[in-house]
Amino acid sequence: MVNDKEVDRGKRRFLLAATTAMGGVAAVGVAIPFVASMWPSARAKAAGAPVVVDVSKVEPGMQITVPWRGKPVWFLHRTPEMLSTLQLHNGRLRDPDSNDPQQPPYCKNPTRSIKPEYMVVVGICTHLGCVPSFVPQINPPGVPHPWEGGYHCPCHGSLYDLAARVFKDVPAPLNMVVPPHKYLSDKVIKVGEDA
Ligand code: FES
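For clarity, every value in this text was computed on a predicted model and none was experimentally measured.

Enquirer: Help me out: how do you make sense of the sheet that holds strand 3 (residues 71–77) in this one?
Expert: Strand pairs in the sheet, formed through backbone hydrogen bonds, run parallel or antiparallel to each other. Reading across from one edge, 2-3-4 is the order of the 3 strands in this open sheet, with antiparallel pairing throughout. Edge positions in the sheet fall to strand 2 (63–68) and strand 4 (118–122), since each has one partner strand and no second. Geometrically, the sheet is characterised by an average inter-axis angle of 20 degrees between neighbouring strands, direction not taken into account. Note: strand 3 against strand 4, 5 bridges, orientation antiparallel. Counted as the bridge partner of Val73 is Val122 from strand 4.

Structure (structure tokens):
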């Protein structure tokens with residue numbers, strides 16, 4: 001017999017998977033032209049110029065990647081449901097309160113962000129520098145359960161949550177880095193410069 005809780009979890013999985021799949025299609029359509037238009041000149045890139053990113057077209061549950069200083073920077077639009085999972089697994093994280101200086105002081109908070117709905121993070125594993133995979137589904141195959149969504153590093157198996165905080169008992173020693181950034185308007189973020 002299937003109880004309400006199981007039905008809810010099933011629905012939640014389906015909705016997240018659907019959102020992610022649809023979001024992935026939309027991201028290809030909107031992110032590439034946008035990123036191209038925001039691309040700094042080669043000289044500016046060499047100097048590590050800030051990048052300006054409009055996240056208004058990033059649907060809830062979606063993530064886009066924009067290069068900054070030769071590194072991938074992720075912009076994840078977290079849903080209220082994603083945000084509600086962040087406190088569920090604090091006991092399984094290595095640094096749940098972000099005490100290591102892996103973020104600017106204004107992001108030392110439970111969501112590691114300026115606005116809870118947008119996570120901005122350098123998408124590089126703190127073990128040996130691979131790029132982790134985005135795994136937003138609930139309890140999918142291939143990651144240890146329980147899994148409320150996060151990132152899985154394919155190189156040596158490190159795991160991070162949806163605030164890029166690292167789990168215990170994996171090779172990576174630290175949470176992923178939150179770069180300096182600020183909002184130029186409600187949905188426009190400048191990475192590489194802060195207040
Ligand atoms: S580089 Fe990510 S786990 Fe080793």
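Enquirer: What is the right way to read the pattern of salt bridges from this model?
Expert: Pairing is possible between side chains that carry opposite charge, provided their charged atoms lie close to one another. Evaluation of the coordinates by the stated rule reveals 5 salt bridges. Between Glu148 and Arg92 there is a salt bridge; the shortest N-O distance is 3.3 Å. Linking Glu148 in the loop between strand 5 (133–135) and strand 6 (150–152) with Arg92 in the loop between helix 3 (80–85) and strand 4, this pair joins segments that are 56 residues apart in sequence. Judged by its relative accessible area of 13%, Glu148 is buried. When its relative accessible area of 31% is taken as the criterion, Arg92 is described as partly exposed. Through salt bridges with shared partners, a single ionic network connects Lys182, Lys190 and Glu193.

Enquirer: What should I look at first to understand the nonpolar core in this one?
Expert: Here is a general trend for soluble globular proteins: nonpolar side chains tend to be buried in one another's company. By size, the foremost hydrophobic cluster in this structure holds 26 residues, and its most contacted members are Met119, Val121, Tyr151, Tyr160 and Met176. Core analysis: the second largest hydrophobic core is formed by 16 residues, Val55, Val58, Val120 and Val122 among them.

Enquirer: Help me understand the environment of Glu193, please; the structure alone is not making it clear to me.
Expert: Inspection of the secondary structure assignment puts Glu193 in the segment after strand 9 (188–191). Glu193 sits 141 residues away from Val52 along the chain, and the two C-alpha atoms are 9.9 Å apart. Not counting the four nearest positions on each side in its chain, Glu193 is found in contact with Pro50, Pro180, His181 and Lys182. Side chain to side chain, Glu193 and Lys182 meet in a polar contact 3.3 Å long. Reaching out from Glu193, the side chain makes a polar contact with the side chain of Lys190 at a distance of 3.4 Å.

What counts, and where the lines are drawn
Residues numbered from 1 in each chain as written. Predicted model: local features only at pLDDT ≥ 70, side-chain atom pairs only at ≥ 80, totals over all residues. Heavy atoms only, no water. Pairing = 2+ DSSP bridges. Helix = DSSP H or I, 4+ residues; strand = E, 2+ residues; numbered from the N terminus. Axes fitted to C-alpha atoms, helices over the stretch in contact; angles between N-to-C directions. Salt bridge = Lys/Arg side-chain N within 4 Å of Asp/Glu carboxyl O. Buried < 20%, exposed > 50% of the residue type's maximum accessible area, 1.4 Å probe, protein only. Core = buried A, V, L, I, M, F, W, Y, C linked by side-chain atoms within 4.5 Å. Contact = heavy atoms within 4.5 Å. Polar contact = N/O pair within 3.5 Å; in protein donor to acceptor, adjacent residues only side chain to side chain.

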